[in-house]
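Single-letter residue listing:
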Amino acid sequence: MTTKSKKSATKKTPKRSSKTSKAADFGRKTVRDEVVLSVKDLKTQFSTKWGTVRAVDGVSFDLKKGETLGIVGESGSGKSVTSLSLMRLVPSPPGEIVSGEVNLNGRDLLKLSEKEMTEVRGGEISLILQDPMTALNPCFSIEDQVGEGIRIHQGIKGKGLFDKVVDALKSVRIPAADQRAKDYPHQLSGGMRQRVVGAIGISSNPSVIIADEPTTSLDVTIQGAYLRLLKQIQEETGVGIIFITHDFGIVAKMCDRVAVMYAGRIVESADVRTIFNNPLHEYTKALIESVPKLEQKTGRLTQIEGQPPALWDLPEGDSFAPRSTLKFSEKDAKIRPELVEVSKDHFVQLSKSSVKDFKKYAHLVNY
Amino acid sequence: MTTKTEKKTNSKKNVPSELGCTTSTKDSIVQVRNLRKWYPVNKAISLFGKDIIGKTDLLKAVDNVSFDVPKGKTFGLVGESGCGKTTTGKLILQLENPTAGEIYFQGEDVALMSKAGLVEYRKSVQAVFQDPWASLNPRMRVRDIVGEPLQIATTMTKDQIAKRVGDLLEEVGLNEYQSNFYPHEFSGGQRQRIGIARALALNPKLIILDEPVSALDVSIRAQIMNLLVDLQNEHNLAYVLIAHNLATVRYMCHRTAVMYLGVIQEMGDTETVFNNPQHIYTNALMSAALPSHPDIDRDELVLPGEVVSPINPPDGDVFQTRTPLKVDEKHEYANSRPPLVQVGKKDHWVVETPWSIASKDMKVNLAGI
């Protein structure tokens, strides 16, 4: 009955959307409900000498047009493998996408042939990597590297290709783009290099961009400018963005929806305000509280005890139980929890061992 | 004996006072005065001290920096990459020799120390580095990594060292039996703990923390920051925290200095600086920092241009090439370095020029929700 949380219902601050112009807002709203990417029960495994690692263990989510989804988690939580699985870039062997569906614009990417997939990669769906120094090849000019994708996907050559490259560089606000196109990566600063990586990502008008920690190696001011730029591009093109990050600051600034991953599974997902105002899973709570705040003097930080679990040796049942500070019996922890919709669009992996208000939602599950 | 040593230190108490340096020598562990580190780049070919072909450019990594590190407290250095904060840390660690300026350790000039004095200094000042993957030798076992300073600088026997290493590991939250492991057997957070244990081995008085948590996962960061705070309280340690994350600085530091192009632009008590940042650059940094809640929507103060190269920076105020305000080229501070000026009567100092102080509409609003 009282499944709808009061807090999230009262907290309505449409501040962010008021900043965009009305026309753009209207445009966004009409396309909002159109799902571009739908992932269902994705499972990716690696065979290692320690046993089978279930890096992604039944992940499902939808990404709408113009929406930004943040996938948050520690290293080893499976967030990067999720993004590689979407692109079908998991090295095989040892990796293997065991089951699931990745529907991009109505096509299941997992059923495509390798040749068809090459066209999708960098075309309909593109990846912006973390480190611009390793993502760019030092031996080729910016023109070659940005142009490669355009040439392959759009078949443009010669002068037309150069113009397209300059357009792409201009769209990521690189000054004197026609001269910069002739430069090599080492001639650009870190922020500019990251913009070039961004230009490669958006050059083919993708419907989905996966950004894997794109700003971790950047300075605060350059990071701010880059995130602002991504937002502008999104407003112009309506591209859906998946942000892979461990930084809740980026989530707060950029994302519309958040999925928190732990040990290969999504433990909680909701819109960004619900996650911040009314987190239910202990892991989500701890992640938010363990970050010092800039806005005020923070008291002693809450720390999550212990280490993330080894993925080849996951505890049976609730994998967060060993690190949870709640009181629960061993039997409770042995139950493998289900992801349940507790209120509209707010999904939580319900278990006695890691949800404090379990009683309130106990009627939703049969354990 | 005691009177003798007292006399010795007393005779050396001649640390010059400098603007913004408010801690007395008695309460300071390290005092830095007018420190400079200039690197020559593109060296000219010279004869008899004169350049014949080309011109030697100077990369002024640290340029006239003065501050005090109080005993048992944390002093923070913030700024973008290339602002000279790491070089300042290296200078204090004696990993680099300063071009000019002095570093005083408990009132004694480090440059004039005897060999024995320097050994003592090096024992008292230790470091924890950013990347726990690069800062531990992969071929050494943990007991050798943590025990190495003890082998070199003390006369302890093998058994004593083994015991001390065990104690140190327990202190940083690891187990004694792990001393036989190699670094690759640990996670990032655990490696950083090993680095901290190594720094603690010789009972230092000051630890230079160069971005100690920025390479770690968010959940592990809190563990390491709490550990550092606990160790500080327990051992009355002083820290110099070099960081670019302002939230970390606010959490850890008692005093903070904001650096830009090798020069301290704003300095003072951390809360005073964060509550009322004066310099445009400080405001710009804070406005760009990530919010802690989605409802916080700060207006970003964007500075024109990119970070300027520290090679041949302007003779006058270094900030004049980035300020959004108009620079009067005839003003004295356009051609000579402006000093730090006290804000009100608080422990708060700022470089004040007609173009460097944030006006009301530029001030960052750090209010929460």
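Residues numbered from 1 in each chain as written. Chains lettered and ligands numbered in written order. Predicted model: local features only at pLDDT ≥ 70, side-chain atom pairs only at ≥ 80, totals over all residues. Heavy atoms only, no water.

### A look at the pairing of strand E9 (residues 257-262) of chain A
Residue and element names in this part refer to chain A. The condition that has to hold: Buried, partly exposed and exposed residues are distinguished by accessible area as a fraction of the type maximum, computed with a 1.4 Å probe on protein chains only: under 20%, between the cut-offs, and over 50%, respectively. A run of H or I in DSSP counts as a helix once it spans at least four residues, and a run of E counts as a strand once it spans at least two, with each numbered from the N terminus. Here, strands pair whenever DSSP counts at least two bridges between them.
Along E9, six of the six residues are buried, which leaves the element largely enclosed by surrounding structure. Burial along E9 is two-sided: the residues Arg257, Ala259 and Met261 and Val258, Val260 and Tyr262 are all buried. Pairing of strand E3 (residues 68-72) with E9 involves four bridges; the strand directions are parallel. Residue pairing for E9: Leu69 is matched across the bridge by Arg257. Where E9 and strand E10 (residues 265-271) come together, six bridges link them in antiparallel fashion. Paired with Val258 across the two strands is Ala270, which belongs to E10.

### Some thoughts on the sheet that holds strand E1 (residues 28-41) of chain B
Within a sheet, each strand pairs with its neighbour through backbone hydrogen bonds, oriented either parallel or antiparallel. All names here are of chain B. Reading across from one edge, E4-E1-E6-E7 is the order of the four strands in this open sheet, with antiparallel pairing throughout. Single-partner strands in this sheet number two, and they are strand E4 (57-70) and strand E7 (108-109). With two bridges connecting them, strand E6 (residues 100-105) and E7 associate as antiparallel partners. Counted as the bridge partner of Phe105 is Glu108 from E7.

### Looking at the interface of chain A and chain B
Stated formally: By definition in these notes, contact holds between two residues if any of their heavy atoms fall within 4.5 Å. For any pair of parts, buried area is found by adding up, for both, the accessible area (1.4 Å probe) each one loses once the two are put together. What makes a salt bridge here is a side-chain nitrogen of Lys or Arg within 4 Å of a carboxyl oxygen of Asp or Glu, nothing more. Identification of polar contacts relies on pairs of N or O atoms within 3.5 Å, with a donor-acceptor requirement for protein atoms, meaning one able to donate a hydrogen and the other able to accept it, and with residues adjacent in sequence counted only if both atoms are side-chain atoms.
Counting from both sides, the interface comprises 48 residues of chain A and, opposite them, 46 residues of chain B. Buried surface at the junction of chain A and chain B, summed over both partners, amounts to about 4,100 Å²; 51% is from carbon and sulfur atoms. Our count for the chain A to chain B interface comes out at five salt bridges. The partner of Arg300(A) in a salt bridge is Asp230(B), with the nearest N and O atoms 2.9 Å apart. Across the contact surface, chain A and chain B share 15 residue pairs in polar contact (both at pLDDT 80 or more).

### Overview of the confidence of the model for chain B
Residues and elements named next belong to chain B. Spelled out, the test is: Note: pLDDT gives the predictor's confidence per residue, expressed from 0 to 100.
Residues at a pLDDT of 70 or more form 95% of chain B, whose mean pLDDT is 87. Note that pLDDT drops below 50 for residues 1-11; the model gives that stretch zero contacts with residues more than four away or on any other chain. Per the prediction output, this complex has pTM 0.84; the corresponding ipTM is 0.80.

### Comments concerning the sheet that holds strand E13 (residues 340-342) of chain B
All names here are of chain B. Going by this rule: Throughout, an axis means a line fitted to C-alpha atoms (over the contacting stretch in the case of helices), and angles, computed between N-to-C directions, take values from 0 to 180 degrees.
Read across the sheet, eight strands follow the order E8-E9-E10-E5-E11-E12-E14-E13 without closing on themselves; strand pairing throughout is mixed. Each edge of the open sheet is held by one strand with a lone partner, namely strand E8 (125-128) and E13. Averaged over all pairs of adjacent strands, the angle between strand axes in this sheet comes to 20 degrees, irrespective of strand direction. The pairing of strand E5 (residues 74-78) with strand E10 (residues 238-243) spans five bridges and is parallel.

### Here we look at the packing of aromatic side chains
Any pair of aromatic rings gets described here by the distance separating the centres and the angle formed by the planes. What counts is decided by this rule: Think of it this way: a Phe, Tyr or Trp ring, Trp meaning its six-membered ring, pairs with another when their centres are within 6.5 Å, and the plane angle makes it stacked under 30 degrees, edge-to-face over 60, tilted otherwise. Put simply, a charge is over a ring when the Lys NZ or the Arg CZ is close to the ring centre, within 6 Å, and near the line of the ring normal, within 35 degrees.
As enumerated under the stated definition, the model contains 11 aromatic pairs over all chains in all. Residues Tyr262(A) and Phe320(A) carry aromatic rings whose centres are separated by 5.2 Å and whose planes lie at 90 degrees to one another, so their mutual orientation is edge-to-face. Residue Tyr262(A) is located in strand E9, and its partner Phe320(A) is located in the loop between helix H14 (282-289) and helix H15 (330-334); the two are separated by 58 residues in the primary sequence. For the pair Tyr262(A) and Phe320(A), a shared accessibility class is recorded, and that class is buried. For the pair Phe105(B) and Tyr121(B), a centre-to-centre distance of 5.1 Å together with 80 degrees between the ring planes defines the contact as edge-to-face. Of this pair, Phe105(B) sits in strand E6 while Tyr121(B) is found in helix H3 (residues 115-124), placing the two residues 16 residues apart along the sequence. Like Tyr121(B), Phe105(B) is buried. An aromatic cluster is built from Tyr262(A), Tyr283(A) and Phe320(A), whose rings are joined through pairwise contacts. Over the face of the ring belonging to Trp38(B) we find Lys60(B), whose NZ or CZ atom lies 4.2 Å from the ring centre.

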